[in-house]
Amino acid sequence: MTPSDLATRSLAAVWHPCTPMKRHETEPLLAVARAQGPWLYDTAGRRYLDAISSWWVNLFGHSHPHIRAALTDQLQQLDHVMLAGCTHAAVVELSEKLAALTGLGHASYGSDGASATEMALKMSTHYWRNVGRPEKNGFVGLAGGYHGETVGALSVTDVPIFRSAYAPLVRLSATVPSPDARAAQPGETAADVAHRAAAALEAWLQQHHAQTAALIVEPLIQCAAGMAMYDPAYLRQAHALCDRYQVHLVVDEIATGFGRTGSLFAHQQAGITPDFICLSKGLTGGTLPLSAVLTTDAVYQAFYGTEAARAFLHSHSYTGNPLACRAALATLELFEQLDTLQANRALAAQLSTAFAPLNTHPRVRHARQMGMVWAWDVETVLPEFAQRYHAAARSRGLLLRPIGHTLYCMPPYVLNADEVQHLATQALAALEDCLLQEAELSA
Ligand SMILES: *Cc1c(COP(=O)(O)O)cnc(C)c1O
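Residues numbered from 1 in each chain as written. Predicted model: local features only at pLDDT ≥ 70, side-chain atom pairs only at ≥ 80, totals over all residues. Heavy atoms only, no water.

**Quick notes on the packing of aromatic side chains**
And then number 1: Under the counting rule described, the total for this entry stands at 12 aromatic pairs.
And then number 2: Measuring from ring centre to ring centre gives 6.1 Å for Trp-56 and Tyr-408, while their planes differ by 85 degrees; the resulting arrangement is edge-to-face. In this pair, Trp-56 is assigned in helix α2 (residues 53-56) and Tyr-408 in strand β16 (residues 406-409), connecting sequence segments 352 residues apart.
And then number 3: We classify Trp-56 as buried; its relative accessible area is 9%.
And then number 4: On the accessibility criterion, Tyr-408 (2% relative accessible area) is buried. (Phe/Tyr/Trp six-rings, centres within 6.5 Å; stacked < 30°, edge-to-face > 60°. Helix = DSSP H or I, 4+ residues; strand = E, 2+ residues; numbered from the N terminus. Buried < 20%, exposed > 50% of the residue type's maximum accessible area, 1.4 Å probe, protein only.)

**Side note on the UniProt feature "binding site: substrate" (unreviewed entry) in the protein chain**
And then number 1: Taking the UniProt record as the reference, the feature "binding site: substrate" (unreviewed entry) is found at Trp-55, Tyr-146, Lys-281, Ser-315 and Arg-401. The greatest C-alpha distance among the residues just named is 34.1 Å, and with 347 residues of sequence between them they are spread in space as well.
And then number 2: Mapped onto the fold, Ser-315 is located in the loop between α10 (297-303) and α11 (322-337).
And then number 3: Along the chain, Arg-401 turns up in the loop between β15 (398-399) and β16.
And then number 4: Apart from residues no more than four positions distant in its own chain, Arg-401 is found in contact with Cys-18, Ile-52, Trp-55, His-390 and Tyr-408. (UniProt positions renumbered as here; feature names shortened; annotations may be inferred. Contact = heavy atoms within 4.5 Å.)

**Describing the nonpolar core**
And then number 1: Ranked by size, the top nonpolar core spans 104 residues in total, and within it Tyr-234, Tyr-389 and Leu-400 carry the most contacts.
And then number 2: Here this core takes 10 residues from α11, the largest share from any one element.
And then number 3: In contact with Tyr-234, not counting residues within four places along its chain, are Leu-142, Val-176, Pro-177, Pro-179, Ala-194, Ala-197, Ala-198 and Leu-201.
And then number 4: Within the second largest apolar cluster, 20 residues are counted, among which are Met-123, Val-156, Ala-214 and Val-250. (Core = buried A, V, L, I, M, F, W, Y, C linked by side-chain atoms within 4.5 Å.)

**Details of the side chain of Thr-295**
And then number 1: Inspection of the secondary structure assignment puts Thr-295 in strand β12 (residues 291-295).
And then number 2: Since its relative accessible area comes to 2%, Thr-295 is described here as buried.
And then number 3: Separated by 2.8 Å, the side chain of Thr-295 and the backbone oxygen of Asp-275 make a polar contact.
And then number 4: In this view, Thr-295 contacts Leu-104, Gly-105, His-106, Met-123, Asp-275 and Phe-276; residues no more than four positions away in its chain are not counted. (Polar contact = N/O pair within 3.5 Å; in protein donor to acceptor, adjacent residues only side chain to side chain.)

**Topic: the pairing of strand β13 (residues 364-370)**
And then number 1: Bridge analysis of β13 against strand β14 (residues 373-378) gives five bridges, and the strand direction is antiparallel. Bridge pairing links Arg-365 to Asp-377 in β14.
And then number 2: Linkage of β13 to β14, two consecutive antiparallel strands, is achieved through a turn of two residues, within which Gly-371 is found at a positive phi near 55 degrees. (Pairing = 2+ DSSP bridges.)

**Some remarks on the site of the ligand**
And then number 1: Taken together, the residues surrounding the ligand are Trp-56, Asp-112, Gly-113, Ala-114, Tyr-146, His-147, Gly-148, Glu-218, Asp-252, Ile-254, Ala-255 and Lys-281.
And then number 2: Take Lys-281: an N or O atom from its side chain is 2.7 Å from an oxygen atom of the ligand.
And then number 3: When isolated, the ligand has an accessible area of 380 Å², and the protein chains bury 82% of it.
And then number 4: Per-class residue counts for the shell around the ligand are five nonpolar, three polar and four charged. (Near = heavy atom within 4 Å. Areas by Shrake-Rupley, 256 points an atom, 1.4 Å probe, with all protein chains shown as cover. Nonpolar A, V, L, I, M, F, W, Y, C, P; charged D, E, K, R; others polar.)

**Looking at the domain arrangement of the protein chain**
And then number 1: The domain boundaries assigned to the protein chain delineate domain 1 (3-60 + 340-442) and domain 2 (65-337).
And then number 2: Using only C-alpha atoms to locate each centre, domain 1 and domain 2 end up separated by 27 Å.
And then number 3: Taken together, the contact between domain 1 and domain 2 spans 27 residues of the former and 25 residues of the latter.
And then number 4: Summing both sides of the interface, domain 1 and domain 2 together bury roughly 2200 Å²; the carbon and sulfur share of this comes to 65%.
And then number 5: Where domain 1 touches domain 2, the interface holds one salt bridge.
And then number 6: Linking domain 1 to domain 2 there are 10 residue pairs in polar contact (both at pLDDT 80 or more).
And then number 7: Of all the secondary-structure elements, those providing two or more residues to the side of domain 1 that touches domain 2 are α2, α12 (340-354), β13, β14 and β16. (Domains from an automatic or database assignment. Buried area = accessible area lost by both parts, 1.4 Å probe. Salt bridge = Lys/Arg side-chain N within 4 Å of Asp/Glu carboxyl O.)

**Considerations on the packing of helix α3 (residues 65-77) against α11**
And then number 1: Close contact between α3 and α11 brings their axes to 9 Å; oriented N to C, the two are set at 145 degrees. Where α3 crosses over α11, the two elements pack in a sense that is right-handed. Judged by residue contacts, His-66, Ile-67, Ala-70, Leu-71, Gln-74 and Leu-75 of α3 engage Pro-322, Leu-323, Arg-326, Ala-327, Ala-330, Thr-331, Glu-333, Leu-334 and Gln-337 from α11.
And then number 2: Looking at side-chain class alone, the contact of α3 with α11 contains nine nonpolar, four polar and two charged residues. (Axes fitted to C-alpha atoms, helices over the stretch in contact; angles between N-to-C directions. Left-handed = near helix turned anticlockwise from the far one by under 90°.)

See the structure below:
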């Protein structure tokens, strides 16, 4: 099968996500035949460095032998069993492990990030109902927040295009200012911005806490907003305010979890324990869809009983799928075997050095880095910068998809020195390609 065959058939048969489909008349799909480590190979045998970890899910490269072996073994024991009334080793071991790593527990499972958001929101309001405060059923999130695209998750996702298209379906939640460090005025630090945003949260909670079940945040990096990074002081203050006003704190670690920000979980950098943690994306190392919600003993106890209406009501057919749980366990084993957090510090230093020319490029604003995430805001008038940059990078053997004018890298944790150099060199060259196009268009 040639790449164009597959791409053509795909356009006839598949509705691709997050894409106005007509664009593919001029922007061909990448038909991927196989993947190994950080590389994707197309059907013509060309390779592309997966510098965004296939939408932030892939941690240890594609087809990692340890995860593959664990999956093969699990497939020979138990493929799937329903989790209502049944249990199995993989889900028990994974739940114990996640509890040990977070200090929360009572893991409940879904298959995608948006479902984890739904579960956390439902659980929080149902908690307040069970303790006799049903009026606490509203939510508040951060400006620019992203928590998934199912209808419940959209209510706390502050992306204008979704809010207008699906407004009739959604009970919109409130938003408070983001602590995005780029909002710093001259002379201000990221912590100053965090304090300002926390003061706005406090003012909002003072007025609305009696009707509010939970605050939901993406800890330290609002990824979908364009890698908006912020100071951990915000999480500490938000946690204290949630405590004071009896509002749950939900941390959505779907993108930031599993080492992405430098710690295993981002909220740990603030030294807080939230009421709910949502996990997905990197949870299975990018092999199978799985999400989890973890919560406190106090929340769990409010549901504990024999009455059906008091019990948490959320189920789906593949809850706690053994293969996905086994892939997650193998992924967590890799963190220990490879001492990943430590190794990533060295890799991040190498990448930051290699990215120096991008950081100081005259068209770049707000060059920023946290853990294994780098981002640069590009000053350009080139129309459709993101698509053009994506195309330029692809022709240079690199998979990158800017968000608006924000170029970012979120690579897997397994790059060697040559791959670091390839990523940094070609990312810069693709920017120069775009600036050349911009010059030609304005000539
Ligand atoms: C990707 C993402 C989600 C949604 O996860 P899906 O698996 O795409 O539904 C939710 N929250 C955050 C922070 C995310 O980055």
